[in-house]
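Here is how the chains run, residue by residue.
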Amino acid sequence: MLAGLLIGNAVVSDCREFLCELDALGYMFGGMLFGAGVGAGIGASYPPDRWVRVDLPVQAGFPPYRTPFHETFAFKLLYSGLGIALVAIIN
C-alpha cells in the first residue's frame, strides 16, 4: 500500500487539475491488491502449525488440566445470547 501511495503521489505531483489525488488513490489500491496477493501466496506456502494437546502426568507435579472458559458450554451459550441481543438492538 505504501509503495502504491508513493507511486501515485509521484504520478500526480505535477497535476493541476481538479481532484488529481483520486488518481493517486487508484495506485494506492493497486498496491494494496498486489500486497494482498503476495501475502496470500506466502501464507499458502507456509501452512500454520498444528498444536496437539498432550496430557501431562499429575504424578510428575503438573497440575490437572482444566478446560478454559472459552471452550465451555456456558461461554458458547453466553456468546450466542449476546450475539442475538446485539442483532436485536441494531435492528
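Look a little higher up for the structure.
So, here is what we can say about the structure in this document. (Residues numbered from 1 in each chain as written. Predicted model: local features only at pLDDT ≥ 70, side-chain atom pairs only at ≥ 80, totals over all residues. Heavy atoms only, no water.)

## Looking at the overall build of the protein
Right, on to step 1. Scanning the protein for helices and strands turns up 3 helices and 0 strands.
Right, on to step 2. When the helices and strands of the protein are placed in sequence order, the string is α-α-α.
Right, on to step 3. Out of the 91 residues in the protein, the part that is buried amounts to 8%.
Right, on to step 4. Of the roughly 8,300 Å² of accessible surface on the protein, a fraction of 69% belongs to carbon and sulfur atoms. (Helix = DSSP H or I, 4+ residues; strand = E, 2+ residues; numbered from the N terminus. Buried < 20%, exposed > 50% of the residue type's maximum accessible area, 1.4 Å probe, protein only. Areas by Shrake-Rupley, 256 points an atom, 1.4 Å probe, with all protein chains shown as cover.)

## A closer look at the packing of aromatic side chains
Right, on to step 1. Scanning all chains against the criterion turns up 2 aromatic pairs.
Right, on to step 2. On the basis of an interplanar angle of 75° and a centroid distance of 5.5 Å, the ring pair of Phe69 and Phe75 is categorised as edge-to-face.
Right, on to step 3. Measuring from centroid to centroid gives 5.8 Å for Phe75 and Tyr79, while their planes differ by 20°, and the two rings are stacked. In this pair, Phe75 and Tyr79 are both assigned in helix H3 (residues 73-90), 4 residues apart and thus about one turn of the helix distant.
Right, on to step 4. Phe75 sits in the partly exposed class, given a relative accessible area of 26%.
Right, on to step 5. Feature note: the residues Phe69, Phe75 and Tyr79 constitute an aromatic cluster, connected by ring pairs. (Phe/Tyr/Trp six-rings, centres within 6.5 Å; stacked < 30°, edge-to-face > 60°.)

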